[in-house]
Structure formats: C-alpha cells, structure tokens
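# Fold and contact review
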Amino acid sequence: MTDKLQQMLDALEDQPRLLVEASLHPVQGDRFQPTGFPDLGAAVYKRPDGTPMLLVESAQSMANRLEAVCWDDAKDEIAEPLKGLPHVVVDLGNTRKTSSIREAHRLNSIYIITDKVFRENLLTSIQQVDGGEVNRRALAKGVFKLDPCSLLHGVFFARKDIAGGRARLQRLLSSFIEAINVAPATSGGVKNETVDPTGVDALARYSGIEQKKNLDAAKSIPYPRTEYVAESVVAYFNLDLASMRGYGLGDPANRLLVALSIYKIVKFLEGGMRLRTACDFELKCLAVKRPEGLSFAPSVELLQELQSSLPNLIKDCDFGESPKTLITAPTLTEKALKKAREALKKAEKEKDVSTDNAAALTNPEGDAQ
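Residues numbered from 1 in each chain as written. Predicted model: local features only at pLDDT ≥ 70, side-chain atom pairs only at ≥ 80, totals over all residues. Heavy atoms only, no water.

## Notes on the overall build of the protein chain
The helix and strand inventory of the protein chain stands at eleven helices and 16 strands. Taking the contacts inside the protein chain whose residues are at least 6 apart along the sequence as the reference set, 75% of them involve residues at least 24 apart. Carbon and sulfur atoms make up 50% of the accessible area of the protein chain, which amounts to about 21,200 Å² in all. (Helix = DSSP H or I, 4+ residues; strand = E, 2+ residues; numbered from the N terminus. Contact = heavy atoms within 4.5 Å. Areas by Shrake-Rupley, 256 points an atom, 1.4 Å probe, with all protein chains shown as cover.)

Here's what the structure looks like:
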C-alpha cells in the first residue's frame, strides 16, 4: 500500500462519515437529459429559497452504478483489481450467467436466495433465532463473507424464512446527483417512416400481425423533447463509517470496505459518466467535505494506487481459496416457460380488473367515495 493511501485510511479510522462532492459538467454543450420516472417525468423541485432543482440521478440508481464499476462487462467477470473478492455467480445455462454484483437485490436475488444450500449457509452464518432480535453484527459478518459489495450497497432479505423478513442492512455507501438552478431546454424530433409516412403501406402488408395499439409504430410521428441546463451539477457521496465499525468486522475488513468505497467513487467519476444517450458528464473538480483536510486529488493517481493496493487488502481479510460462490440455476424448459407466461398473463389481467374496480370507486374529482 502506498503511503498516501495508508495516510488516508488512517485519517478515516475514527471518523463518523466520509462526505465527498464532485462538480460535473456535460462533456459537450450545456444540455443534459434527466432521469425519468413513470407517471412523474423529470424529478424537478424547488429549494425552500425557490431555487429550481433537478434530481439527475437517484440514490437507488447511483447504488447500482457504483456496483457496475466492479464488473468487467467485456470479460463478464469481476474487475481485475477485485479478483479474490467474494461474490456469487449463478450459471443460468447456455453460457448465460448472473451475479450478486449485477442483480438488483444483490444476495436477495431470486436467482441466489432460492438456492437451498446457499440459503441454509446464510441462515447458519447470521445465527438467527425465530422471533428473536435480528443479530445485525452476525448478519453483517455473514454478508461480508459472501459479498462485501452487498454490504456497501445494502441488502434486504425480505423473506419470511429469514428472520421473518426483518434481516436488513442499510446502505453504507450512498450517492445521488443534483442539478442546481435549472431551466428546461425544449426541442423536438420526428420518427420518420421513409416508405410511407402515413403508415398505410406497412399496415396493408402486415395487417395480420399489427394490432390497433401498434398503429403509431407504422407511421411518422413528431414528438416533443425536454432536456435541461443548470448553473451547476453536483454528485454527492456519503460513506457511513460509524455504522460500518458498529458491525464489528475488525480492522482488515473495515480498511477493505473503505478502500473499496473510495475505489467505487473514483472509478465512477474517472471511468466515464454516460448515464443516458444525452447525459454524458465529466469531472470538473472533486472535494472531500468531511473530514476536513482530506483530499482525493489528483483522483487519477488515487485510482491507480487503489487498483494496486486492493489485492493485498483483500488478502488481509482471509476469504479463503474459493471466495467465489457458484450456483447452478434450475434448467429452463419450454414447458416451464409456457407455464410462467400464462401465470404472468393471468396476474396482469387480475391487476387490470383490480385497477378498474378502484377507478369505479373514485368520483370525477378524484376523491374516494
């Protein structure tokens, strides 16, 4: 480990939290495309002083993006500096696979937690007694041994057979991106159908497969588009050091988790932030807000130091010769696929009926009757 990284870890040893702020700017021009939410659109709001704000990236989205930097998509395996770090890989058959780092619910992924052997080992490690208080230190130690990234990301075993659905660890590393003093930048476009913009030609040829709801797919359609400009865009990062130490994992584990967190932050900021097609940021400056006096600059050199030091920090935790857990998912058959499709179709129909019934009980003003 380099002296600089050693000093940084020492400086954080007794601190309650690490707060980092990164100033960002679009790599080209000033406009950027915000994240959108179903039925909400862009997440615009105002500060108490009236400043127009925009949530560019939510905490839940950033948690996934910080996990993504740990995975090498080209090789479809954990990133090189993190080799030896425990994680779970699931063989889905036909060369397909998934992992605890890529799954939305991490170790609680249905592809992982439904494996009987894995679940029994987890239950043993967390030392849970039915009906008793959740032993969070044991839970944290069990998760750490299986996948330290899940501990930083946070995990919720929302299952009755695991502590009655109460086995939950909050995020140790959280983040979000905000834009300050924003204004909309409206534009538009047209989906052009070059053969026949009216859609008549395509529908006449393929009427057997086109449904009424897909009529728009066959013709030219103009559409509006709203992007934003901002006085500034800031990415915020918060590492909860006090909660981490409260898990009682020991110094080697704590130092690995801190180094892994800083690696995720700097790798995300230096590795390219193309969040969406028209949302591509670059780092302008990086500042550590707490504790005072700590600096990540130059971040490129810090990233290099972390990449060279992480393998030894991982070894210090003694994860054993086989830190990677391998699970084979049940074989997928045509019969099982057909049954699953029918079950989902039935559930969707029941949901539609339930929604219609709820709407029938609501008057035109939207008040429940």
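## Comments concerning the nonpolar core
Ranked by size, the top nonpolar core spans 88 residues in total, and within it L18, L151, F157, F237, I262, F268 and F296 carry the most contacts. For this core, the element with the highest residue contribution is helix 9 (residues 251-270), accounting for twelve residues. Among all residues touching F296, those that are not within four sequence positions of it are M8, L18, V20, I262, V266, L286, V288 and L302. (Core = buried A, V, L, I, M, F, W, Y, C linked by side-chain atoms within 4.5 Å. Buried < 20%, exposed > 50% of the residue type's maximum accessible area, 1.4 Å probe, protein only.)

## Focus on the sheet that holds strand 16 (residues 324-328)
Strand order across the open sheet formed by three strands is 9-8-16, with mixed pairing between neighbours. A single partner strand is all that each edge strand has here, and the edge strands are strand 9 (96-99) and strand 16. This sheet shows a mean twist of 25° between the axes of neighbouring strands, independent of strand direction. In the sheet, strand 8 (residues 87-93) pairs with strand 9 via four bridges, with the strands oriented antiparallel. Within strand 9, the position partnered with D91 by the bridge is K97. (Pairing = 2+ DSSP bridges. Axes fitted to C-alpha atoms, helices over the stretch in contact; angles between N-to-C directions.)

## Brief notes about the confidence of the model for the protein chain
Low-confidence regions, as indicated by low pLDDT, have predicted coordinates that should not be scrutinised in detail. Of all residues in the protein chain, 92% attain a pLDDT of 70 or more, and the chain-wide mean is 88. Per-residue pLDDT, averaged within each element of the protein chain, yields its smallest value for helix 11 (residues 334-360) (78) and its largest for strand 1 (residues 17-26) (97). When the criterion is pLDDT under 50, residues 363-369 qualifies, and its contacts beyond four places in sequence or with other chains add up to six contacts. (pLDDT = per-residue confidence, 0-100.)

## A short note on the environment of A163
You can see A163 is positioned in the loop between strand 10 (155-157) and strand 11 (167-169). Spatially, the C-alpha atoms of A163 and L24 are 42 Å apart, while their sequence positions differ by 139 residues.

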